[in-house]
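# Observations on the three-dimensional arrangement
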Amino acid sequence: WDLDGRYSAELYSDHTVNLIKKLEYKNNPFFIYLAYQSVHGPHMVPRRYIDQYALHIENEDEKVFAAMVSSMDEGIGNITKVLESTGLADNTIIVFSSDNGGHVNCLKEVEVTSSNYPYRGGKRAL
């Protein structure tokens, strides 16, 4: 959340969309590195994302986790739409990367909502 109460995933996505729209020289190469905070703690997300899972997921922590992913997914969708509408999509490479996996029995205060199968361990595991 920023100081005006905007959720970070939405803020980052909107900023990236606006940046792409304002590119002056669309034929020149550009690089954007967008590192969402989702789905890292604190596990918080606007209610409208959580509500879409009300009928499908019972566990509140898992609802919030899924909602955080949905918020990020919506933002990525908005970015790809602007790439398409500006004619940049066909000449763009998008790389998705992740960190070292989910929390699996490594933090007592975090309920396990992830699995790193088929790998073992998780964050803070050696």
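Structure report, in brief.

Definitions and cut-offs
Residues numbered from 1 in each chain as written. Predicted model: local features only at pLDDT ≥ 70, side-chain atom pairs only at ≥ 80, totals over all residues. Heavy atoms only, no water. Salt bridge = Lys/Arg side-chain N within 4 Å of Asp/Glu carboxyl O. Axes fitted to C-alpha atoms, helices over the stretch in contact; angles between N-to-C directions. Helix = DSSP H or I, 4+ residues; strand = E, 2+ residues; numbered from the N terminus. Parallel < 35°, antiparallel > 145°, perpendicular 65-115°, else oblique. Contact = heavy atoms within 4.5 Å. Nonpolar A, V, L, I, M, F, W, Y, C, P; charged D, E, K, R; others polar. Expected span 1.5 Å × (residues − 1). Buried < 20%, exposed > 50% of the residue type's maximum accessible area, 1.4 Å probe, protein only. Core = buried A, V, L, I, M, F, W, Y, C linked by side-chain atoms within 4.5 Å.

## A closer look at the pattern of salt bridges
For the structure on display, the rule yields five salt bridges. Residues joined by salt bridges that share partners form a network here, namely Arg47, Asp51, Glu60 and Lys63.

## Concerning the packing of helix H1 (residues 8-21) against helix H3 (residues 60-85)
Closest axis-to-axis distance for the H1/H3 pair is 9 Å, and the angle between their directions is 5°. The angle between H1 and H3 places the two elements in the roughly parallel class. Where H1 abuts H3, its residues Ala9, Glu10, Ser13, Thr16, Val17, Ile20 and Lys21 lie against Ser71, Gly75, Asn78, Ile79, Val82 and Leu83. Residues that form the contact of H1 with H3 fall into these classes: six nonpolar, five polar and two charged.

## Side note on H1
Between its first and last C-alpha, H1 extends 20 Å over 14 residues, near the 20 Å set by a 1.5 Å rise per residue. Every buried residue belonging to H1 is among Ser8, Ala9, Glu10, Ser13, Thr16, Val17 and Ile20, and all of these are buried.

## What to know about the environment of Glu60
Checked against the element boundaries, Glu60 lands in helix H3. In contact with Glu60, other than residues within four places in its own chain, are Arg47 and Ile50.

## Looking at the nonpolar core
Note on soluble globular proteins: their nonpolar side chains tend to be buried together. Ranked by size, the top nonpolar core spans 19 residues in total, and within it Ile20, Val45, Ala67 and Ile79 carry the most contacts. Every element with two or more residues in this core is listed here: H1, helix H2 (47-51) and H3. Per-element accounting of this core gives the leading share, eight residues, to H3.

Geometric descriptors of this kind do not, in isolation, establish any biological role.
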